[in-house]
Amino acid sequence: DTEVTQTPKHLVMGMTNKKSLKCEQHMGHRAMYWYKQKAKKPPELMFVYSYEKLSINESVPSRFSPECPNSSLLNLHLHALQPEDSALYLCASSQVADYEQYFGPGTRLTVT
Amino acid sequence: GENVEQHPSTLSVQEGDSAVIKCTYSDSASNYFPWYKQELGKRPQLIIDIRSNVGEKKDQRIAVTLNKTAKHFSLHITETQPEDSAVYFCAASKGSNYQLIWGAGTKLIIKP
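Residues numbered from 1 in each chain as written. Chains lettered and ligands numbered in written order. Predicted model: local features only at pLDDT ≥ 70, side-chain atom pairs only at ≥ 80, totals over all residues. Heavy atoms only, no water.

All names here are of chain A. If you trace the four strands from one edge of the open sheet to the other, you get S1-S3-S8-S7, paired in antiparallel fashion. With partners counted over all chains shown, the strands left at the sheet margins are strand S1 (4–7) and strand S7 (64–70), one partner each. Taken over all neighbouring pairs, the strand axes of this sheet differ in orientation by 20° on average, direction set aside. Sheet analysis places S7 next to strand S8 (residues 73–79), joined by five bridges and oriented antiparallel. Bridge pairing in S8 links Glu67 to Asn75. (Pairing = 2+ DSSP bridges. Helix = DSSP H or I, 4+ residues; strand = E, 2+ residues; numbered from the N terminus. Axes fitted to C-alpha atoms, helices over the stretch in contact; angles between N-to-C directions.)

All right, on to the packing of aromatic side chains then. Applying the stated rule across the entire model yields 13 aromatic pairs over all chains. When the centroid spacing of 5.2 Å and the interplanar angle of 40° are considered together, the rings of Tyr36 of chain B and Trp102 of chain B count as tilted. In this pair, Tyr36 of chain B sits in strand S4 (residues 32–38) while Trp102 of chain B sits in strand S10 (residues 101–102), placing the two residues 66 residues apart along the sequence. With respect to burial, Tyr36 of chain B and Trp102 of chain B carry one shared label: buried. With a centroid separation of 5.9 Å and 85° between ring planes, the pair formed by Phe89 of chain B and Trp102 of chain B is classed as edge-to-face. With Phe89 of chain B in strand S9 (residues 86–92) and Trp102 of chain B in strand S10, this pair connects stretches of sequence that are 13 residues apart. Classification of Phe89 of chain B by relative accessible area gives buried; the value is 3%. Counting every residue linked through ring pairs, the aromatic cluster contains Tyr33, Tyr35 and Phe103 of chain A together with Tyr36, Phe89, Tyr98 and Trp102 of chain B. Here the basic side chain of Arg51 of chain B rests over the ring of Tyr99 of chain A, its NZ or CZ set 4.8 Å away from the ring centre. (Phe/Tyr/Trp six-rings, centres within 6.5 Å; stacked < 30°, edge-to-face > 60°. Buried < 20%, exposed > 50% of the residue type's maximum accessible area, 1.4 Å probe, protein only. Lys NZ or Arg CZ within 6 Å of the ring centre and 35° of its normal.)

All names here are of chain B. With antiparallel pairing, the five strands of this open sheet are ordered in space as S1-S3-S8-S7-S6. Strands with a single pairing partner mark the edges of an open sheet, and in this sheet they are strand S1 (4–7) and strand S6 (56–59). On average, adjacent strands in this sheet sit at an angle of 15° to one another, irrespective of strand direction. Pairing analysis gives four bridges linking S6 to strand S7 (residues 62–67), with the strands arranged antiparallel. The partner of Lys58 across the bridge, within S7, is Ala63.

A few words now on the interface of chain A and chain B. The partner chain B presents 19 residues to the 27 residues of chain A that form the contact. Contact between chain A and chain B buries roughly 1,800 Å² in total, counting both sides, with carbon and sulfur atoms accounting for 55%. Taken together, the connections running from chain A to chain B amount to zero salt bridges. When residues of the side of chain A that touches chain B are traced back to their parent elements, those giving at least two are strand S4 (31–37), strand S5 (44–50), strand S6 (53–57) and strand S9 (87–94) of chain A. Here the side of chain A that touches chain B gets four residues from one element, more than from any other, and that element is S4 of chain A. Looking at side-chain class alone, the side of chain A that touches chain B contains 16 nonpolar, five polar and six charged residues. (Contact = heavy atoms within 4.5 Å. Buried area = accessible area lost by both parts, 1.4 Å probe. Salt bridge = Lys/Arg side-chain N within 4 Å of Asp/Glu carboxyl O. Nonpolar A, V, L, I, M, F, W, Y, C, P; charged D, E, K, R; others polar.)

Time to look at the environment of Ala39 of chain A. Relative to the helices and strands, Ala39 of chain A resides in the loop between S4 and S5. Between the C-alpha atom of Ala39 of chain A and that of Gln82 of chain A, which follows or precedes it by 43 residues, the distance is 17 Å.

Residues Trp35, Phe73, Leu75, Tyr88 and Leu108 of chain B are the most contacted members of the largest nonpolar core, which totals 24 residues. Broken down by secondary-structure element, the contributors of at least two residues to this core are strand S2 (10–14), strand S3 (19–25), S4, strand S5 (45–51), S7, strand S8 (72–77), S9 and strand S11 (106–111) of chain B. Excluding residues that lie within four positions of it along the chain, Tyr88 of chain B makes contacts with Gln6, Ile21, Tyr36, Lys37, Ile47, Leu75, Ile77, Gly105, Thr106 and Leu108 of chain B. With 23 residues, the next largest nonpolar core counts Leu11, Leu21, Leu74 and Leu81 of chain A among its residues. (Core = buried A, V, L, I, M, F, W, Y, C linked by side-chain atoms within 4.5 Å.)

The structure is reproduced here in structure tokens:
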């Protein structure tokens, strides 16, 4: 299984809502990533978990809260988002650092 | 910090012709250089990668060359086909650093 799955595919939320994005991989990868991608731009790294510990937080606002319950799962909890947070949120995983990152299909988030 | 520049931003070629996309990087310690293809509305997918101990790598119609002295690497696609139309991103990383530094992307258009 060389696939990273993400749910939901689409999410529309108001600025006062709380929602969560989910990501799962069963490739035995020990690094998992959250990226944000705006139209016509490269993915922008938000968080990296390595061996289930947060190793990189790219100065992301606290309204985004990551969680890694186990080596296969990664969540991104969303609260009090702004319209400018609307984007495609991509999850990825890799064996370790500087190896191929496998991306999930993404969650298209719209904040109203 | 590390910076990756990618050119051109848009490339239009006739079907069957070759396409070349170029990237330069700033950190001489970078040692891993992946290329990702992203079709409209889909996830980025690795198409080829190269490490700093190799000068060239080929996979069917796709090849990547690396010039460490000049700190640039290039993607070559031969015999282009309509399904090659997509946005291509180069990236660079170093050592045990999980962070990929991405180029801005090249939109490749294959004209029939």
